[in-house]
Amino acid sequence: MTELRVDTRPAQPPTAPPAAVRRRRRLTVHGAINIITVLVLVYLVIGPILMLLLSSFEDTRAGVRIRPPFPWSSANFTGVLGDSQTYRVLGTTVVFAAAGLLFAFTVSLVFAWLVERTDLPARGLVYVLLVAPTGMPGLISAIAWGLLLNPTNGYVNVALHNVFGLHGSGPLNAYSLPAMIFVQGLALVPLTFLLITASMRNMSVSLEDAARTSGAGPWTILRKVSLPLLRPVLIGAGIYQFVTVIEAVDVPLVLGLPGHVTVFSTQVYRVTHPAFGLPDYGASSTYGILLLTLAVAPLLIYNRTVRRAQDFATVTGKAFRPRRQRLGRWRWVAFGASMLYAAVSFVLPLLVLIYASLEPYIGSISVSSLQHMTLAGYRKTLSTDLFVSSLGHTLVVGLTASFAAMLLSVLLSWIIVRSKSRFAWMADVLAFIPHAIPGVVIGLAVLLIYLLLPVPLYGTVWIIVVAMATQYISLGTRLTTGGIAQIQQGLEEAAQASGARASQVWRHVLLPLLRPVLLNGFLLVFLATIKNLTLPLMLQSSDNVVLSTLIWDRWDYGDVTGAAVLSVILTAVTVTAALVLRRLSGNGEQI
Amino acid sequence: MSAIRIDQLCHTYATKNKTVTAVDQVSLDIGENEFFTLLGPSGCGKTTTLRCIAGLEQPTSGSIEMDGVVVVSDSVLVPTHRRDIGMVFQDYAVWPHMSVFDNVAFPLRIGRKLRRAEIASRVEQALDLVNMSQYIDRRATQLSGGQQQRLSLARALVRQPKVLLLDEPLSNLDAKLREQMRSELRLIQQRIGITTVFVTHDQVEALSLSTRIAVMSGGRVVQEGSPREIYLEPNSRFVADFVGATSFVAGRALRSSPDALVLETELGTFNCRPDPEILPGASALVALRPESLVVTDTPGERDNCFAGEVELSLFVGEGVDYRINVGGQSLRARGSARAQFDAGDRVYVNAAADDCVVLLADRADSADTLGAEVADAHH
């Protein structure tokens, strides 16, 4: 038998120093990539914030200056803060966000408990139906509810008129703050529900059993054990969703503008893209700064919660399947309520869109109107050049922005998790900041940067790509940081000790092991980019129309059928993408 | 020529509040084909030292030579992948996305271009060596812990490196498997004759495998020697305590001559192993191994015999572990499994003078100063 013998190897030339001898702390290729990653991040993340600060503290009547002499001025702040409208907008924003969150969290907690902890029938179906609307962009559900609750000819209002013999407008009004809260609340439910069920599922039931054996009743257990254990996820999800609400323009634009209900995000949009006259970038930057402040305050708390979440590490313990609460005769009531909710939140808007896309005119649903159903709307809308180019733009933006975001994320995460660099904390902060910047503010800042910098991005799809990549770095790094942290460092070191260069370690060990995470993240970001209306709208020109801006354009123009056709198509794409994602990852909790 | 020469190695790192010195002025000289063990409690700097040899950590100062070539110093740094090493990790570090074959072939594929057949035959040889050839087509994730560790050893050896680095490779295995792997590791190392640096906190592994041991504490080497020297002639309270369970009795030297050393202790006079360094009047400690104490019910004929009372008696299968109160001091003793005394029994504790090692008290108390001394002496 042959043996492995060190001494049988051919005699090597007497010891010459290995070729790789070099001075300590000299820049390695890997080090250079790290530095470039951080610099790109600084440019993408810090650049917009500086831009915003600069233009808000300048006198911008003659345009924003990025070179000295700076026309410093506090006029923007005195103007904005002295305007009573600012406070009205602030009040509306806070009410809109708070009520939307309250609605979403109440619904999500109840359904999460029903699905995870009771003997509700068809729990799997209820779960899927509650999560399904993740695929529906906020813009589209807002349009659907606009069609349903339009005070003069909304389908629901028309139906109520017919049934109760009512006249005039109403009784329900889509273009009001309550309707906005309702629609936004519905839009928030899927992710909130996912986060809460995941946390409930991982909660060790022995913690509740311990309370039970200590003599606590169900109500006491809920108050003293279960809810406190859920607190980190409730606070974390709450603050995350708070930013989602205040940054989005879709629901406030579709449902708020007609009824003159203005929140901060639509205010920024309106001042940046006024119907008449020149945009006042100084004022919009100032609004942006205020919105940023509003978003950052709770995020600081969020950060502390996440750090403190380690105190609740027991929550992750694997344990027996929880005992399910018997609902008795309430079982079917709860099931009925679940189905009703699914019908109202997902099926009804979807059906309305399909119906509207087949109807040449908007009106009540009747036998005669059903006979008029036609595919003419599809033919007309899909044959336009604008549709074709917007579809192309959507794909280009989605693919490149997702690729760029994931590439930056994985490099950044490696620095955060693995590098022993003194600057690792900087990478951590850089990855976190975009999460705190509302999308509408990123859009504004990116717009200003490329208006001024001599880089020919303004008006192209690439400016949207840059903004999207910036926005979704936080989402990407959250996934990749988790992914890299799960790979034992020994696996990389074993490759090094086997003679692999840094690039070989990446190619043969890290990337193959990270593939599921990267694919998952890519799809997640892709889905988010094609649903996003805020950034393309803030950065729009005639040359970079994407599907979401096209839908808004058609709706704003009054082409209901066209908007519905496009909505149906986009929803089909996003729901499919969401399903693929769930199948691939087995869970959508990371969103 | 020594295979590895470590000179004045220091490794410090900064935490939030303070600077931690993980390795402090360590100097070692490891010979060709030696099985050299770094032994110590967690946090003593043994793993950091090993990782510095591998190049996975960069020392703050000091230098390391391998095979006569400086691999790290103030002006030179050879990265890990250019060092001629094989390494086995505590948690196996077997790549889960590769088959057994691919795992072992990795070091060959990554470096020089070898022919496919050459790679295959070398992988087979390496797997043969660790008795894993029948698993060659398995996925790495289908292996048990012991098999993963064998695989990881085959991967480390397949490049036929000059130096094999083992970072607590046995500590994740269960007790039976650990014992089996211990013997196999030694057999393989002897068979292929490879310089091996082994890190462990387990004294049995260290004593049974090594040709030489360096006991580390607080980042320093406290004692260096053959397993026999380390066990039988500990130079400090720390080493005596860490390597084997030891009871200490404080006292003062009465007489010291080349063939006799007598201490006055709280238990009475102790006849100890002669040590010319202990001068009369010096305060010192007597170190007593449990297995060198004989427990009897009648006074024995040994050099030292003290009456005591059994405090605790634990039957552990291969023997009985006692805690015996002698004059207010608790001594640990190991008795035969055949006759067991019970708690409360009046017994006699006997010890031969040669088994009673005396440590100077001032030396024994501060392993720190001692570590520096040893390092300097070595240098």
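Draft legend 1. Structural context of a negative patch on the surface. Residues and elements named next belong to chain B. The grouping of E291, D303, D354 and D355 at the surface amounts to a negative patch. Following the sequence through the fold, D355 ends up in the loop between β19 (346-351) and β20 (357-360). What makes D355 partly exposed here is its relative accessible area of 31%.

Draft legend 2. Molecular detail of empty space enclosed by the protein. Residues and elements named next belong to chain A. This model, assessed by the stated rule, comprises nine cavities of 30 Å³ or more. Taken as a whole, the largest cavity encloses approximately 980 Å³ of empty space. Along the wall of the largest cavity there are 43 residues; nearest its centre are T244, E247, Y472, A528 and K531. For the lining of the largest cavity, the leading source of residues is helix α7 (residues 177-202), giving eight residues. Here the lining of the largest cavity is built from residues that sort into 26 nonpolar, 13 polar and four charged.

Draft legend 3. Focus on the side chain of R289 of chain B. Residues and elements named next belong to chain B. Secondary-structure assignment places R289 in the loop between β14 (283-288) and β15 (293-296). In terms of polar contacts, R289 uses its side chain to reach the backbone carbonyl oxygen of V243, at 2.3 Å. A polar contact of 2.9 Å, which involves the side chain of R289, links it to the side chain of T246. Apart from residues no more than four positions distant in its own chain, R289 is found in contact with I230, Y231, P234, A240, V243, G244, A245 and T246.

Draft legend 4. Seen up close, the packing of aromatic side chains. All names here are of chain A. A complete count under the given rule lists 14 aromatic pairs over all chains for this structure. Look at F103 and F182: their rings are 5.8 Å apart centre to centre, the planes differ by 75 degrees, and that puts the pair in the edge-to-face class. Linking F103 in helix α3 (residues 84-117) with F182 in helix α7, this pair joins segments that are 79 residues apart in sequence. Classification of F103 as partly exposed rests on a relative accessible area of 26%.

Draft legend 5. Main features of the sheet that holds β19 of chain B. Residues and elements named next belong to chain B. One open sheet holds the five strands; their spatial order is β15-β19-β16-β17-β18, and the pairing between them is antiparallel. The open sheet has two free edges, formed respectively by β15 and β18 (329-335), since each of these has just one partner strand. Averaged over all adjacent pairs, the angle separating strand axes in this sheet is 45 degrees, with direction ignored. With seven bridges joining them, strand β17 (residues 320-326) and β18 adopt antiparallel strand pairing. Across the sheet, Y322 pairs through a bridge with A333, a residue of β18.

Draft legend 6. Quick look at a positive patch on the surface. Together, R501 and R507 of chain A together with R82 and K113 of chain B give the surface a local cluster of positive charge. When you line up the elements, R507 of chain A lands in helix α21 (residues 502-531). For R507 of chain A, a relative accessible area of 55% translates into the label exposed.

Draft legend 7. Representation of the packing of helix α1 (residues 29-56) of chain A against helix α17 (residues 424-436) of chain A within the structure. Residue and element names in this part refer to chain A. Viewed as axis vectors pointing N to C, α1 and α17 meet at an angle of 45 degrees, and their least axial separation amounts to 10 Å. Judged on the interaxial angle alone, α17 and α1 are oblique. In this structure, α1 crosses over α17, and the sense of that crossing is left-handed. On α17, the residues that touch V38, L41, V42, V45, I46 and I49 of α1 are M426, L430, I433 and P434. In the contact of α1 with α17, the residues fall into 10 nonpolar, no polar and no charged.

Draft legend 8. Region of the structure containing the sheet that holds strand β8 (residues 195-200) of chain B. All names here are of chain B. Spatially, the six strands line up as an open sheet ordered β6-β7-β8-β3-β9-β10, and their pairing is mixed. Two strands bound the open sheet, and with one partner strand each, they are β6 (85-88) and β10 (220-225). Put simply, the sheet's adjacent strands are angled 20 degrees from each other on average, direction ignored. Of the pairings in the sheet, the one linking strand β3 (residues 35-39) to strand β9 (residues 212-217) comprises four bridges and is parallel in character. What sits directly across from L38, in β9, is A214.

Draft legend 9. Just helix α20 (residues 489-497) of chain A, in detail. Within α20 of chain A, seven of the nine residues are buried, which leaves it mostly tucked inside the rest of the structure. Those residues of α20 of chain A not exposed but buried are G490, L491, E492, E493, A494, A495 and A497 of chain A. In this structure, the buried residues of α20 of chain A make contact with α16 (385-417) and α21 of chain A together with α1 (46-54), β6, α2 (100-110) and α4 (145-157) of chain B. Directly after α20 of chain A, the chain includes G499 of chain A, whose backbone phi takes a positive value near 105 degrees.

Thresholds applied
- Residues numbered from 1 in each chain as written.
- Chains lettered and ligands numbered in written order.
- Predicted model: local features only at pLDDT ≥ 70, side-chain atom pairs only at ≥ 80, totals over all residues.
- Heavy atoms only, no water.
- Patch = residues over 30% accessible without salt bridge, like charges linked within 9 Å, V, L, I, M, F, W, Y side chains within 5 Å.
- Areas by Shrake-Rupley, 256 points an atom, 1.4 Å probe, with all protein chains shown as cover.
- Salt bridge = Lys/Arg side-chain N within 4 Å of Asp/Glu carboxyl O.
- Lys, Arg positive; Asp, Glu negative; His and termini not counted.
- Charge placed at Lys NZ, Arg CZ, Asp CG, Glu CD.
- Helix = DSSP H or I, 4+ residues; strand = E, 2+ residues; numbered from the N terminus.
- Buried < 20%, exposed > 50% of the residue type's maximum accessible area, 1.4 Å probe, protein only.
- 1 Å grid on protein atoms, 1.4 Å probe; cavity = no way out; pocket = protein on both sides within 12 Å on 5 of 7 lines; lining within 4 Å.
- Points joined across faces, edges and corners; volume = space filled by probe spheres on them.
- Nonpolar A, V, L, I, M, F, W, Y, C, P; charged D, E, K, R; others polar.
- Polar contact = N/O pair within 3.5 Å; in protein donor to acceptor, adjacent residues only side chain to side chain.
- Contact = heavy atoms within 4.5 Å.
- Phe/Tyr/Trp six-rings, centres within 6.5 Å; stacked < 30°, edge-to-face > 60°.
- Pairing = 2+ DSSP bridges.
- Axes fitted to C-alpha atoms, helices over the stretch in contact; angles between N-to-C directions.
- Parallel < 35°, antiparallel > 145°, perpendicular 65-115°, else oblique.
- Left-handed = near helix turned anticlockwise from the far one by under 90°.

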